[in-house]
Amino acid sequence: GFVTLWVENLLGWQPWNLYSLGGLSLAAGLSLAPLTFLYCVGTARTIDPALEDAARLSGAGPWRTLREITLPLLRPAIVTTTILNFVLALELFVMPLLLAVPGGMHFLTTFIYANGFEATNADHALVSAVAVMLIAVVTVLVLIQMRLVGDGKRFVTVGGKAGRARLLDLGGWAWPCTIAMGLYLFATVVLLLGGLVLRSFVSVISPYVPVAEVLTLENYATIFSYPAYVRSIWNTLGVAVFGAAIGTVLVLAVAFVALRSDYPLRRPLEFIALYPRAIPGLLVGMGVLWATAMLPGVAWMQNSIAILIFAFVMRHLPTGYGAIQPALLQIGTDHDRSARSVGATWLQTCLHVLAPQLRPAIFACYAILFIHFIKEYAVAVFLFGPGSEVMGTTMLTFWIQGENGSVAALAVLQMAMIAVFMALFRFGAGVRHHG
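Residues numbered from 1 in each chain as written. Predicted model: local features only at pLDDT ≥ 70, side-chain atom pairs only at ≥ 80, totals over all residues. Heavy atoms only, no water.

Examining the overall build of the protein chain
Part 1 of the argument: A tally of helices and strands in the protein chain yields 19 helices and zero strands.
Part 2 of the argument: Here the protein chain holds 435 residues, and 42% of them are scored as buried.
Part 3 of the argument: In the protein chain, the share of contacts with a sequence separation of at least 24, taken over all contacts with a separation of at least 6, comes to 74%.
Part 4 of the argument: A total accessible area of about 22600 Å² is found for the protein chain, and carbon and sulfur atoms account for 70% of it. (Helix = DSSP H or I, 4+ residues; strand = E, 2+ residues; numbered from the N terminus. Buried < 20%, exposed > 50% of the residue type's maximum accessible area, 1.4 Å probe, protein only. Contact = heavy atoms within 4.5 Å. Areas by Shrake-Rupley, 256 points an atom, 1.4 Å probe, with all protein chains shown as cover.)

Structure follows, in structure tokens:
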């Protein structure tokens, strides 16, 4: 907002409008960019450098090598992240609610919210019909993904012969790329997150009030003065740490069975694993609530941390799968045959031969799930109870009460938790290339 006012005062007109389809698209795209990076970085690390060296020896420059060798080998990761980003954009809720609805634009998620939760007489049948439409859309997208990826053997680059990754020399493009990345990080990190941090330390933010006059720690004092708010922080951290671990194990199991076994239903298993991404988080929470109420033997999960972990893992299983699948497709089956020829079982082959080579992708999967669990709120709306609050539901409570400063303070704590997590994995777990 401050940047917009400054540019408007400088130019005499407003060059952009965030409360528009273009502004919403830009904001959504920037929010999804880190997910694309995490999906592609693990796959890029496993590309055999000999292929790129061969292209360079044949006279291809850096950009031609990137265009004709590297990017085609990244096709599974690019296709997967493109389709998942499309689905994520379909189910965006907070951004359309805050940026689009005030301008008169409505989307599927805001339609569901207005007719299923905000309306005096909620129409759950209509909401369910919309959910079925979303499932149909995702079915088509999954079929397109399988068609575009096709035969996974085309993307095998990790064979029995070891190779060492090499950095690409950008030559004269090094500085332009550095400047472009610096501008991107400044616009998406420094400005946006800096504004959020600033809001958490002031009682009110306005271009007409000097910041020094409104500095305060009251927003953080509010959070740490009530046990329920403090408990929501610890609950969120526990759900993220243990839930992401459980989700990563399940994703690995699904990937190994779907891509590295002769199980007759391996393809339908992969297909079904991508379905939860089709349902908005609000409906996932409602569905899990109804399931635990009707199914025998699971009522104990209600209003507990266990039901949150279960719902979060189910909702984000396709997201984690997108990080493992492309990397596993690049590993040749000669590794499997070699292990089986010396007496290893299928499980031993997966755990001791394939899993170590998937370490970058496994980290990316865990990191993606951890970050999504930290930020998740829509699923928890119908599932949390006294003692099982999470930061997302606490932020919603603050927002409804109009306490924007406390919302910003909790968001800053979320960022701090994610930053510490990434630092620990980078410097403590030995995965230095995934900071």
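Observations regarding unusual backbone geometry
Part 1 of the argument: The backbone phi angle of Asn303 is positive, close to 60 degrees, even though this residue is not glycine.
Part 2 of the argument: Considering the arrangement of structural elements, one finds Asn303 in the loop between α13 (281-294) and α14 (305-329).
Part 3 of the argument: Assessed through its relative accessible area of 48%, Asn303 is described here as partly exposed.

Some thoughts on the pattern of salt bridges
Pairs can form between side chains of opposite charge whenever their charged atoms are close.
Part 1 of the argument: Following the criterion strictly, the structure yields five salt bridges and no others.
Part 2 of the argument: As a salt-bridge pair, Glu68 and Arg64 come within 3.2 Å of each other at their nearest N and O atoms. Here Glu68 and its partner Arg64 are both found in helix α4 (residues 62-73), four residues apart, which amounts to about one turn of the helix.
Part 3 of the argument: The exposure class assigned to Glu68 is partly exposed, which follows from its relative accessible area of 41%.
Part 4 of the argument: Of the charged contacts in the structure, one is a salt bridge between Glu376 and Arg315, with a shortest N-O distance of 3.0 Å. Of the two residues, Glu376 sits in the loop between α17 (359-375) and α18 (391-400) while Arg315 sits in helix α14, which places them 61 residues apart along the sequence.
Part 5 of the argument: We classify Arg315 as buried; its relative accessible area is 7%.
Part 6 of the argument: In this structure, a network of salt bridges that share partners links the residues Arg64, Arg67 and Glu68. (Salt bridge = Lys/Arg side-chain N within 4 Å of Asp/Glu carboxyl O.)

A short note on the nonpolar core
Part 1 of the argument: Membership of the largest hydrophobic core comes to 72 residues, with the highest contact counts inside it found for Ile223, Phe256, Tyr321, Leu328 and Leu410.
Part 2 of the argument: Take this core: its biggest share by element is 13 residues, from α14. (Core = buried A, V, L, I, M, F, W, Y, C linked by side-chain atoms within 4.5 Å.)

Re the side chain of His372
Part 1 of the argument: Its place among the elements puts His372 in helix α17.
Part 2 of the argument: Side-chain polar atoms of His372 contact the backbone oxygen of Ile368, separated by 2.9 Å.
Part 3 of the argument: Filtering out sequence-adjacent residues up to four positions away, His372 remains in contact with Leu35, His316 and Thr319. (Polar contact = N/O pair within 3.5 Å; in protein donor to acceptor, adjacent residues only side chain to side chain.)

A look at a nonpolar patch on the surface
Part 1 of the argument: Taken together, the side chains of Val3, Trp16, Met181, Tyr184, Leu185, Phe186, Val189, Val190, Leu191, Leu192 and Leu193 present a nonpolar region at the surface, about 940 Å² in accessible area.
Part 2 of the argument: Of the residues forming the nonpolar patch, the biggest block, nine residues, is contributed by helix α9 (residues 174-200).
Part 3 of the argument: Mapped onto the elements, Leu185 comes out in helix α9.
Part 4 of the argument: Given a relative accessible area of 42%, Leu185 falls into the partly exposed group. (Patch = residues over 30% accessible without salt bridge, like charges linked within 9 Å, V, L, I, M, F, W, Y side chains within 5 Å.)

Details of the environment of Thr36
Part 1 of the argument: Along the chain, the position of Thr36 falls in helix α2 (residues 21-45).
Part 2 of the argument: As for Thr36 and Gly322, which are separated by 286 residues in sequence, their C-alpha atoms are 9.9 Å apart.
Part 3 of the argument: If near-sequence neighbours (up to four positions away) are discounted, Thr36 is found in contact with Thr81 and Asn85.

Details of the packing of aromatic side chains
Part 1 of the argument: Tallied over the full model, the rule gives seven aromatic pairs.
Part 2 of the argument: Measuring from centroid to centroid gives 5.6 Å for Phe312 and Phe373, while their planes differ by 55 degrees, and the two rings are tilted. With Phe312 in helix α14 and Phe373 in helix α17, this residue pair connects regions lying 61 residues apart in the sequence. In this pair, the class of Phe312 matches that of Phe373, namely buried.
Part 3 of the argument: Aromatic rings pair up to connect Tyr226, Tyr229 and Phe398 into one cluster. (Phe/Tyr/Trp six-rings, centres within 6.5 Å; stacked < 30°, edge-to-face > 60°.)

As for the packing of α4 against helix α5 (residues 75-90)
Helix-helix packing is described using two parameters, namely the angle between the two axes and the distance between the axes.
Part 1 of the argument: Put simply, α4 and α5 touch, their axes get as near as 4 Å, and they point 60 degrees apart. Two secondary-structure elements touch here, α4 through Leu71, Pro72 and Leu73 and α5 through Arg75, Pro76 and Ile78.
Part 2 of the argument: Per-class residue counts for the contact of α4 with α5 are five nonpolar, no polar and one charged. (Axes fitted to C-alpha atoms, helices over the stretch in contact; angles between N-to-C directions. Nonpolar A, V, L, I, M, F, W, Y, C, P; charged D, E, K, R; others polar.)

Observations concerning the environment of Ser225
Part 1 of the argument: Turning to its location among the elements, Ser225 is positioned in the loop between α10 (218-224) and α11 (227-260).
Part 2 of the argument: Classification of Ser225 by relative accessible area gives partly exposed; the value is 45%.
Part 3 of the argument: There is a polar contact of 2.9 Å between the side chain of Ser225 and the backbone oxygen of Ala221.

With respect to the side chain of Ser406
Part 1 of the argument: Tracing the backbone through its elements, the reader meets Ser406 in helix α19 (residues 404-428).
Part 2 of the argument: In this structure, Ser406 is in contact with Asn219, Thr222, Ile223 and Phe398, ignoring residues within four places of it in sequence.

A short note on the confidence of the model for the protein chain
Part 1 of the argument: Averaged over every residue, the pLDDT of the protein chain is 80; residues scoring 70 or more account for 89%.
Part 2 of the argument: This model gives residues 151-162 a pLDDT under 50, and the stretch forms 32 contacts once residues within four places in sequence are excluded.
Part 3 of the argument: This model gives residues 430-435 a pLDDT under 50, and the stretch forms 18 contacts once residues within four places in sequence are excluded. (pLDDT = per-residue confidence, 0-100.)

Digging into the packing of α11 against helix α16 (residues 346-357)
Part 1 of the argument: Contact geometry of α11 with α16 gives a least axis separation of 12 Å together with a crossing angle of 110 degrees. With respect to α16, the element α11 is oriented roughly perpendicular. Judged by residue contacts, Phe256, Val257 and Arg260 of α11 engage Trp346, Cys350, Leu354 and Ala355 from α16.
Part 2 of the argument: Looking at the contact of α11 with α16 residue by residue, the class counts come to six nonpolar, no polar and one charged. (Parallel < 35°, antiparallel > 145°, perpendicular 65-115°, else oblique.)

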